Structures are given as C-alpha cells and as structure tokens.
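# Geometric and topological summary
One letter stands for each residue in the lines below.
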Amino acid sequence: MFDVSKNAIILAIESSCDETSAAVVENGRKVLSNVISSQIAIHKRYGGVVPEIASRKHIENIDDVIYEALLQAEISLSDVSAVAVTYGPGLVGALLVGLSYAKAVAFASNKPLIGVHHIEGHICANYIENDDWKPPFICLVVSGGHTHLVYVKDYSEYEILGKTRDDAAGEAYDKVARAIGLPYPGGPEIDKLSKRGNSSAIDFPRVTLDNSSLDFSFSGLKSAVLNYLNKAKMTGGKIFPEDVAASFQQAVVDVLVMKTILACKKFGIKSAAMAGGVSANSFLRKSMREACEKEGITLNVVKPVLCTDNAAMIGSAAYFKYMGGSFDDWDLNAYPSLKLGEKAF
Ligand code: KG4
Ligand code: ZN
C-alpha cells in the first residue's frame with residue numbers, strides 16, 4: 001500500500017513538554033521545515049512547566065505550527081508519506097494533544113501513523129544533516145528528564161548501558177539555577193553565567209558511584225550546592241553566583257565526559273554522540289570534543305536547536321521505522337513513562 005522505494009517525506013509532531021513543534025523531514029536526514037513554538041515565556045512565571053497550561057497551549061498552537069511546517073516545506077498533505085508523533089515519555093496531557101492531532105491528520109489523509117519514543121527522537125537528531133553518521137555508536141542522552149548512556153547498535157536498536165539513579169542532568173541544572181536566582185529553564189542560564197566564573201572556586205563532589213559503573217547520580221551534587229549556599233547565607237559569607245555555576249557545571253561535565261569515554265572503551269566503540277537539551281551546553285560540547293579527540297573517538301555534535309525538543313528529530317526516527325514497515329494502529333495511546341526500546345502495549 002505504501003511505496004517505500006520513493007523518497008519518504010515524514011510529517012512529524014512533538015508535544016511532550018513545553019514545545020509545540022512540527023517538522024517535515026525527507027529520508028530521515030534532510031529537514032525541509034522544523035517549526036518550534038516555545039512556551040518558555042509562560043512557564044517562566046511559575047519557575048517550571050505547569051502541565052495543565054502546557055496542554056492548553058499545545059491545543060492553541062498546534063494547528064498553526066503544522067500549517068506553517070507544511071508551508072515552509074512547500075508541500076501539501078498529499079505529498080506526505082507518513083505522519084509521526086511522540087507518544088511518550090512526557091506529560092500525558094501534552095502528549096495527547098500531539099497524538100490526537102497526528103491520528104486525525106493521518107486518518108483523514110489516509111497515511112500511516114508512526115509513534116516515536118521521545119528519547120529515540122533525541123538520539124536520531126544525530127542523523128540529521130549528516131549522511132555519514134551511522135550506528136554503532138555510544139550516545140550520551142542528557143535531557144530534563146533523562147540521563148542515559150545508550151549503545152546504539154543499529155537504527156531502532158538500543159541497549160541502555162547506564163542511567164541516573166536519581167536526578168537527570170537537566171533537572172540538576174534547573175534546580176541549581178533556581179537556587180542561585182536564575183530563571184527557568186536554568187540550563188542555558190548556567191551555561192552563560194559560568195563563562196564569567198571560576199570553575200575551580202568550589203570543589204563540588206564528582207559522584208562516579210564505582211569506577212566501572214555507567215550509572216549516574218546527581219542528587220548529592222545538587223545537595224552539596226544547596227548546602228554551600230545555605231552555609232554562606234547563615235555565616236554571612238559572600239556568594240559569587242558565577243563561581244557556583246561554573247564549579248557546579250564542571251562537576252557535572254567531568255562525570256558526563258568520563259562515563260561516555262568509559263562506555264566507549266568498555267564496548268570497544270570509536271564513535272560517540274550526544275542527545276537532549278543539556279547537549280546544547282557549550283562547556284559540555286567543548287569538554288566532550290577534547291576528551292574524544294584525546295582518545296581517538298569520533299564525536300558527532302548536532303546544532304543546539306536539534307538538541308532541545310523539536311519535531312525534526314521525531315521525523316528522523318520515524319523514517320527508520322517507516323523503512324522497516326513499523327506502523328501503528330489508531331488505538332495508539334500516550335505513555336508518560338515509556339521506556340526506551342519497549343513498546344508499551
Ligand atoms: O531535551 P529537552 O529540551 O527536554 C526534555 O526532553 O527534557 O531538555 C531540557 C533540559 C532542561 O533541563 C534545560 O535546562 C536543559 O535541557 N538545557 C541546557 C541547555 N539548554 C537546555 N542545559 C545546559 N546547558 C544548556 N545550554
Ligand atoms: Zn526532550
């Protein structure tokens with residue numbers, strides 16, 4: 001019924017958190033459009049994402065975002081090969097908006113539906129605009145909700161080698177940022193502020209668990225920063241936010257880089273990549289580049305706009321499912337805690 005020998009044009013939708021996004025992606029790697037409507041300005045007032053507001057804003061925005069994505073790509077619905085959508089993990093109300101819309105569009109236009117795991121999307125951002133990037137590689141996934149080391153064995157084939165036992169890296173960035181008075185989302189703010197700070201001013205802990213573990217833990221580091229701030233306040237000590245930010249960031253990045261290199265060595269893989277919002281961090285990108293160069297590992301680094309939430313990455317992931325004939329039924333549901341590599345049904 002669907003001719004996979006033709007160029008595959010995927011219309012992709014992402015609405016798992018606070019970005020309403022739609023993209024048109026050709027053959028998994030070429031982005032014809034990638035429209036992102038961010039709700040950050042609204043959620044900033046509350047210091048974080050308010051799920052109910054996020055769902056309502058997705059409903060308000062999704063029509064225009066999809067229309068704009070088709071317009072920018074200079075195609076109509078009839079040119080689309082399949083409709084892809086994030087179905088988990090994420091905020092259930094937010095996911096349901098994108099999923100319901102995707103189902104309606106696909107059903108009405110008689111196109112196949114492809115459900116995509118949000119983290120798989122982040123990983124597949126590495127294929128965009130890079131025809132040479134192929135599995136196998138080790139991928140450090142660092143977003144607001146996830147910190148995973150993933151062995152990407154093949155397209156759509158993943159083994160989780162390690163993950164955080166408590167907070168995600170992005171969560172730690174956001175919480176520390178809040179404690180030093182920076183607005184939501186804190187990651188980009190700490191990135192900026194750290195450039196003016198001394199990263200060795202405060203010796204925050206590097207939690208490596210044991211030396212061979214590929215798991216992470218950031219809650220101890222977060223507590224150490226909060227304790228440092230409380231102690232300084234109680235004793236009247238002066239706080240230099242730029243030094244706190246830079247020292248915290250150094251502690252996070254040291255561990256992220258060290259474990260990524262360790263995973264490459266353990267599995268004898270000479271290719272590494274990063275994915276998720278925190279991989280937009282300038283210091284992480286620089287440190288990872290230097291470490292990989294030293295170890296003779298090829299590192300793929302994607303544009304910052306493809307690191308944070310966007311629909312182009314969903315369109316890329318969907319392409320490999322499309323080629324494998326992996327389509328979903330109309331009863332596809334949203335799964336807030338969907339695990340990578342698992343079908344939830
Ligand atoms: O992947 P993402 O956009 O959404 C999730 O799937 O969670 O990641 C959002 C996270 C937030 O915690 C945000 O603070 C962090 O990515 N982030 C950054 C940077 N840009 C976004 N963290 C550090 N440095 C950045 N430049
Ligand atoms: Zn994300």
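Below, the structure is looked at part by part. What you see is a predicted model, and the numbers here were worked out from it, not measured in a lab.

### Some remarks on the overall build of the protein
For the protein, the helix and strand inventory stands at 11 helices and 10 strands. Against the globule reference of 20 Å for 345 residues, the protein gives a C-alpha radius of gyration of 20 Å, in line with a compact fold. Dimensions along the principal axes, computed over C-alpha positions, put the protein at roughly 70 × 45 × 35 Å. Looking at the protein residue by residue over its 345 residues, the buried ones come to 54%. Long-range contacts, defined here as pairs at least 24 residues apart, represent 73% of the contacts in the protein between residues at least 6 apart. A total accessible area of about 14700 Å² is found for the protein, and carbon and sulfur atoms account for 51% of it. On the protein, the mean spot of the 35 positive side-chain charges and the mean spot of the 39 negative ones are 6 Å from each other.

### Quick word on the coordination of the zinc ion (ligand 2)
For the zinc ion (ligand 2), the full set of protein donor atoms is His118 (NE2), His122 (NE2) and Asp309 (OD), and the range of their distances to it is 2.0 Å. Donor residues binding the zinc ion (ligand 2) come from one chain and are separated in sequence as H-x3-H-x186-D. You can see histidine 118 and its partner histidine 122 sitting in helix H4 (residues 118-124), four residues apart, about one turn around the helix. For histidine 122, a relative accessible area of 2% translates into the label buried.

### Topic: the sheet that holds strand S5 (residues 113-117)
With respect to topology, five strands assemble into an open sheet ordered S3-S2-S1-S4-S5, the strand pairing being mixed. The outermost strands of the open sheet, each flanked by one partner alone, are strand S3 (30-38) and S5. Across the sheet, the axes of successive neighbouring strands diverge by a mean angle of 20°, strand direction being ignored. Against the sheet, helix H2 (residues 51-73) engages strand S1 (9-14), strand S2 (19-26) and S3, with an angle of about 25° to S2.

### Considerations on the pairing of S3
Inspection of the sheet shows S2 paired to S3 by eight bridges, in the antiparallel sense. By the bridge assignment, threonine 20 is partnered in S3 with serine 37. Between S2 and S3, which pair antiparallel and follow one another directly, the connecting turn spans three residues, one of which, asparagine 27, has a positive phi of 50°.

### Observations concerning the site of ligand 1
Around ligand 1, a shell composed of 19 residues is seen, among which Gly144, Asp174, Asp191, Gly277 and Asn281 lie nearest. In this structure, an oxygen atom belonging to ligand 1 sits 3.0 Å away from a side-chain N or O atom of histidine 122. A distance of 2.9 Å separates an oxygen atom of ligand 1 from a polar backbone atom of glycine 277. Protein contact buries 88% of the 550 Å² of open area that ligand 1 shows by itself. Mapped by element, the contributors of at least two residues to the shell around ligand 1 are H4, helix H5 (169-179) and helix H6 (186-194). Of the residues assigned to the shell around ligand 1, the class counts are five nonpolar, 11 polar and three charged.

### Some remarks on unusual backbone geometry
The omega torsion across proline 135 and proline 136 is 5°, close enough to zero to call that bond cis. Following tyrosine 184, the chain continues into proline 185 via a peptide bond in cis, with omega recorded as -10°. Along the chain, proline 185 falls in the loop between H5 and H6. A positive phi angle, near 55°, is found at glutamate 74, a position not held by glycine.

About the thresholds
As a convention, each chain's residues are numbered from 1 in the sequence order in which they are written. Naming scheme: in the order in which they are written, chains are lettered from A and ligands are numbered from 1. It should be noted that, the model being predicted, local features are given only for residues of pLDDT at least 70 and side-chain atom pairs only at 80 or more, the latter also being counted only at that level, while totals for whole chains, interfaces and linings use all residues. Each side-chain value is derived from all of the structure's non-hydrogen atoms; neither hydrogens nor water enter the calculation. Here a strand is any run of E in DSSP of at least two residues, a helix any run of H or I of at least four, and the numbering for each starts at the N terminus. The globule rule used for comparison is 2.2 Å times the number of residues to the exponent 0.38, while the radius of gyration itself is calculated over C-alpha atoms. The cut-offs for exposure are 20% and 50% of the maximum accessible area for each residue type, with area from a 1.4 Å probe on protein chains only; residues under the lower value are buried, those over the upper are exposed, and the others partly exposed. When checking whether two residues touch, look at their non-hydrogen atoms; a contact exists if any pair is within 4.5 Å. Surface accessibility follows the Shrake-Rupley procedure with a 1.4 Å probe radius. Residue values consider only the protein chains on display as shielding. Positive charges are assigned to Lys and Arg, negative charges to Asp and Glu, while His and the chain termini are left out of the count. The atom standing in for a charge is NZ when the residue is Lys, CZ when it is Arg, CG when it is Asp and CD when it is Glu. Any nitrogen, oxygen or sulfur atom within 2.8 Å of a metal ion counts as a donor, with the limit raised to 3.2 Å for Na, K and Ca, and since water is left out, coordination shells can look unfinished. Whether two strands pair comes down to DSSP finding at least two bridges between them. Between N-to-C directions, angles cover 0 to 180 degrees, with each direction set by a line fitted to C-alpha atoms, over the stretch in contact for helices. Here a residue counts as near a molecule or strand whenever at least one of its heavy atoms sits within 4 Å of it. Within 3.5 Å is the distance limit for a polar contact, defined as a pair of N or O atoms, with the added protein rule that one can donate a hydrogen and the other accept it, and that residues adjacent in sequence qualify only through two side-chain atoms. Asp, Glu, Lys and Arg are counted as charged, while Ala, Val, Leu, Ile, Met, Phe, Trp, Tyr, Cys and Pro are counted as nonpolar; the rest, among them Gly, fall into the polar class.

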